[in-house]
Amino acid sequence: EPPPQAFDSAHAGHQLTAEDFSAWKEFIPQSKLFRVELPYPPQHATDLISMPNSDKKRRFDMYASEKGNGAVFLISVITYPEEVHPSAVEDTLKQTIEELMKHNPDNRLSKSEHTFFDQHPALDFAIANREFLVEGKALLIGRSVYMLSYASRVGEFDAEDYRYFIDSFQPLPNQDDWV
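Everything in this summary refers to the structure shown in the same document. (Residues numbered from 1 in each chain as written. Predicted model: local features only at pLDDT ≥ 70, side-chain atom pairs only at ≥ 80, totals over all residues. Heavy atoms only, no water.)

**Observations concerning the overall build of the chain**
Worth spelling out the cut-off: A run of DSSP states H or I qualifies as a helix once it reaches four residues; a run of E qualifies as a strand once it reaches two. Both are numbered from the N-terminal end. Accessible area is worked out with a 1.4 Å probe on protein chains only. A residue is then buried under 20% of its type maximum, exposed over 50%, and partly exposed in between. Residue burial considers only the protein chains on display, and all accessible areas are found by Shrake-Rupley using a 1.4 Å probe.
Scanning the chain for helices and strands turns up 3 helices and 10 strands. When burial is assessed residue by residue, the chain has 44% of its 179 residues classed as buried. Of the roughly 10,500 Å² of accessible surface on the chain, 51% is carried by carbon and sulfur atoms.

Rendered as structure tokens:
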């Protein structure tokens, strides 16, 4: 039988997880496109990315919140120009994941499943390499692809953190203007 301290520390660790979520804060970007719960206020970066086989550019916004253990929660919003509406939803989501895969030749796609997020078409994915595991969900709303991802060192993936992050994400109503 383990000493009482071992049981207490395990129990305290479980309670700490619940307290961690109560410490997470709601984040709504200036664009007011979505709301999400994050462990810390995110860093924001923006860029324009060329579209494959086109002279058009997509706007890329990335919000990254890093937890003390090094895990990173990312929300990437890729917005297509008005004159380009991504019509083939599954192809668009698949291309987005393929572009992500190209960043590291060691990356391998370990999961890719078509699903829905609310009523929006989505793609659940997992990418792994020797050091990191990235689990995420890509969804298309109007002219924007939202990629929600959680990156952690291999062996340190926290399924509760990931689920809480994904479940807390909500597109905000002005999205419907683009459909």
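**Considering helix α3 (residues 159-168)**
Selection criterion: What the arc covers is the set of directions going from the helix axis to the C-beta atoms. Pairs of N or O atoms within 3.5 Å make up the polar contacts considered here, provided that, within protein, one atom can donate a hydrogen while the other can accept it, and that residues adjacent in sequence are counted only when both atoms are side-chain atoms.
Looking only at α3, the buried set comprises Asp161, Tyr162, Phe165, Ile166 and Ser168. Taken around the axis of α3, the buried residues stretch over an arc of 170°, which confines them to a single face. Between a side-chain oxygen at the N-terminus of α3 and the backbone nitrogen of Glu160 the separation is 3.0 Å; the capping residue is Asp158.

**Observations concerning the layout of surface pockets**
Just so we agree on the cut-off: Using a grid of 1 Å spacing that covers the protein atoms alone, one calls a set of points a cavity when a 1.4 Å probe fits there but cannot get out, and a pocket when the set is open and has protein on both sides within 12 Å along at least five of seven lines; lining residues are those with an atom within 4 Å of a point. Grid points are joined across faces, edges and corners, and a volume is the space filled by probe spheres set on the points. Each residue receives one of three labels: charged for Asp, Glu, Lys and Arg, nonpolar for Ala, Val, Leu, Ile, Met, Phe, Trp, Tyr, Cys and Pro, and polar for the others, Gly being one of them.
The volume enclosed by the largest pocket comes to roughly 460 Å³. Taken together, 19 residues make up the lining of the largest pocket; nearest its centre are Phe60, Glu99, Leu100, His103 and Met147. Elements represented by at least two residues in the lining of the largest pocket include exactly β4 (57-66), β5 (72-79), α2 (89-101), β8 (132-141) and β9 (144-153). Here the residues of the lining of the largest pocket are counted per class, giving 10 nonpolar, 7 polar and 2 charged.

**Some points on the environment of Gln170**
Put simply, the rule reads: We call two residues in contact whenever any of their non-hydrogen atoms come within 4.5 Å of each other.
When you line up the elements, Gln170 lands in strand β10 (residues 170-171). Owing to a relative accessible area of 39%, Gln170 belongs among the partly exposed residues under this scheme. Distance in space between the C-alpha atoms of Gln170 and Leu33 is 8.8 Å, their sequence separation being 137 residues. Ignoring sequence-local partners within four residues, the contact set of Gln170 consists of Phe34 and Arg35.

**Describing the sheet that holds strand β3 (residues 43-50)**
Applicable threshold: Any two strands between which DSSP finds at least two bridges are classified as paired. Every angle, taken between N-to-C directions, lies between 0 and 180 degrees, and every axis is a line fitted to C-alpha atoms, over only the stretch in contact when it is a helix.
The strand order across the open sheet formed by 7 strands is β3-β4-β5-β9-β8-β7-β6, and the pairing between neighbours is antiparallel. At either end of the open sheet lies a strand with only one pairing partner, and these are β3 and β6 (108-117). With strand direction ignored, the average angle separating the axes of adjacent strands in the sheet is 15°. As paired strands, β3 and β4 are joined by 8 bridges and run antiparallel to one another. In the strand pairing of β4, His44 is matched with Tyr63. Running at roughly 165° to β9, α3 makes contact with β5, β6, β8 and β9 of the sheet.

**Some words on the packing of aromatic side chains**
Any aromatic ring pair is given by two values, namely how distant the centres are and how the planes are angled relative to each other. Selection rule: Only Phe, Tyr and Trp rings take part, Trp by its six-membered ring, and two of them pair if their centres are within 6.5 Å. Stacked means planes under 30 degrees apart, edge-to-face means over 60, and tilted covers everything else.
Throughout the structure, instances matching the rule amount to 16 aromatic pairs. With centroids separated by 6.3 Å and ring planes inclined at 55°, the aromatic side chains of Phe27 and Phe34 adopt a geometry described as tilted. Across the pair, Phe34 and Phe27 agree in class, each one buried. When the ring of Phe34 is compared with that of Tyr146, the centres are 6.3 Å apart and the planes differ by 85°; the resulting orientation is edge-to-face. One end of the pair, Phe34, is in strand β2 (residues 34-38); the other, Tyr146, is in strand β9, and 112 residues separate them in sequence. Take Tyr146: its relative accessible area is 0%, and that puts it in the buried class. Ring pairs connect the aromatic residues Phe21, Trp24, Phe73, Tyr150, Phe157, Tyr162, Tyr164 and Phe165, which therefore count as one cluster.

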